[in-house]
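As a plain string of letters, each chain reads:
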Amino acid sequence: MTPTTSTPTPTPAPSGGSATAAARGGLRDFYEDPSVPVASGTPRSLRQARTLAAALGPATAGARTVLDIGCGDGTAAATAAPLLAGHRLVGVDWSQDALRRAHTRLPYAIRGELTDGGLPFAAASADAVLFSEVIEHLVDPDGALDEIRRVLRPGGHLMLSTPNLAAWYNRALLLAGVQPVFSEVSLRAIHGRPGREVVGHLRLYTARALREFVTAAGFEVVRLSGAPFHGVPRPLRPLDRLACAAPALSSILLLHARRT
């Protein structure tokens with residue numbers, strides 16, 4: 001997903017794919033590069049959508065407004081749409097390139113930022129926010145949750161997902177002196193860890209840190225669960241799915257919270 005927040009001052013750099021964009025113009029150009037991934041996995045999107053659909057109830061009781069903040073190319077919202085039928089699903093992103101792609105999948109895709117003036121929505125105007133794999137990209141996650149809390153009505157739902165710094169394999173990698181998966185030290189290339197794809201992660205959370213952070217921002221955590229990661233090598237995927245039973249060890253953290 002593409003973050004909807006302000007970014008550092010651009011710095012000059014060399015050329016080469018998505019790393020070129022990052023080097024040339026900082027994080028903003030990095031996320032405008034079409035080669036940068038802007039969607040999380042479909043299974044995670046479905047899991048979040050099922051939880052949200054159960055929380056909102058059927059639209060026959062009244063259509064609710066759901067914002068997918070950092071919607072990227074709209075894949076996650078389009079995946080969730082059948083389970084949220086009748087509710088108003090609005091994609092929000094900063095990247096113009098992502099929004100062009102999202103418009104092919106969603107009836108509503110709006111440009112917005114979590115900082116620099118805030119989202120283009122009135123206070124307490126949304127019933128739920130999907131925030132899938134965005135927070136790890138943000139310079140100011142505190143300001144982002146403040147803005148999400150502003151647009152949510154009291155009791156409104158926050159469905160947040162993010163990679164787990166303390167995933168089961170990251171614990172072993174750190175013991176071996178290897179940079180954890182999901183963490184990045186450069187926007188130009190991967191250094192010191194497995195993998196080859198640069199995705200622009202700035203912050204990572206453990207299950208405990210995520211709970212405490214969201215609670216401190218004015219939310220009540222309803223549930224924290226785990227999800228697998230599609231990038232785990234195939235022979236290890238059964239173990240990765242097994243780890244989901246203990247969210248603190250899982251690859252991906254799925255958090256459901258309510259605005260207090």
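For the structure, see preceding data.
Caption draft 1: Main features of the environment of aspartate 146. For aspartate 146, the position within the fold is in helix 5 (residues 141-151). Along the chain, aspartate 146 and alanine 217 lie 71 residues apart, while their C-alpha atoms are 6.6 Å from each other.

Caption draft 2: Quick look at the pattern of salt bridges. Counted according to the given criterion, the structure contains eight salt bridges. Among the ionic pairs, arginine 105 bridges to aspartate 73, the shortest N-O distance being 3.9 Å. You can see arginine 105 sitting in the loop between helix 4 (96-102) and strand 3 (109-111) and its partner aspartate 73 sitting in the loop between strand 1 (65-69) and helix 3 (75-80), a full 32 residues away along the chain. Using a relative accessible area of 10% as the deciding quantity, one classes aspartate 73 as buried. For arginine 153, the salt bridge goes to aspartate 127, with nearest N and O atoms at 2.7 Å. Placement of arginine 153 in strand 5 (residues 152-163) and of aspartate 127 in strand 4 (residues 126-132) is noted, with a sequence separation of 26 residues between them. Classification of arginine 153 as partly exposed rests on a relative accessible area of 22%.

Caption draft 3: Structural context of the environment of arginine 193. Along the chain, the position of arginine 193 falls in the loop between helix 6 (168-175) and helix 7 (207-216). Sequence spacing of arginine 193 and serine 183 is ten residues, and the spatial spacing of their C-alpha atoms is 8.2 Å. Beyond its immediate sequence surroundings of up to four residues, arginine 193 is in contact with Val178, Gln179, Pro180, Val181, Phe182, Ser183 and Glu184. A distance of 2.6 Å separates a polar atom in the side chain of arginine 193 from the backbone oxygen of serine 183.

Rules used throughout
- Residues numbered from 1 in each chain as written.
- Predicted model: local features only at pLDDT ≥ 70, side-chain atom pairs only at ≥ 80, totals over all residues.
- Heavy atoms only, no water.
- Helix = DSSP H or I, 4+ residues; strand = E, 2+ residues; numbered from the N terminus.
- Salt bridge = Lys/Arg side-chain N within 4 Å of Asp/Glu carboxyl O.
- Buried < 20%, exposed > 50% of the residue type's maximum accessible area, 1.4 Å probe, protein only.
- Contact = heavy atoms within 4.5 Å.
- Polar contact = N/O pair within 3.5 Å; in protein donor to acceptor, adjacent residues only side chain to side chain.

By themselves these figures say nothing about function.
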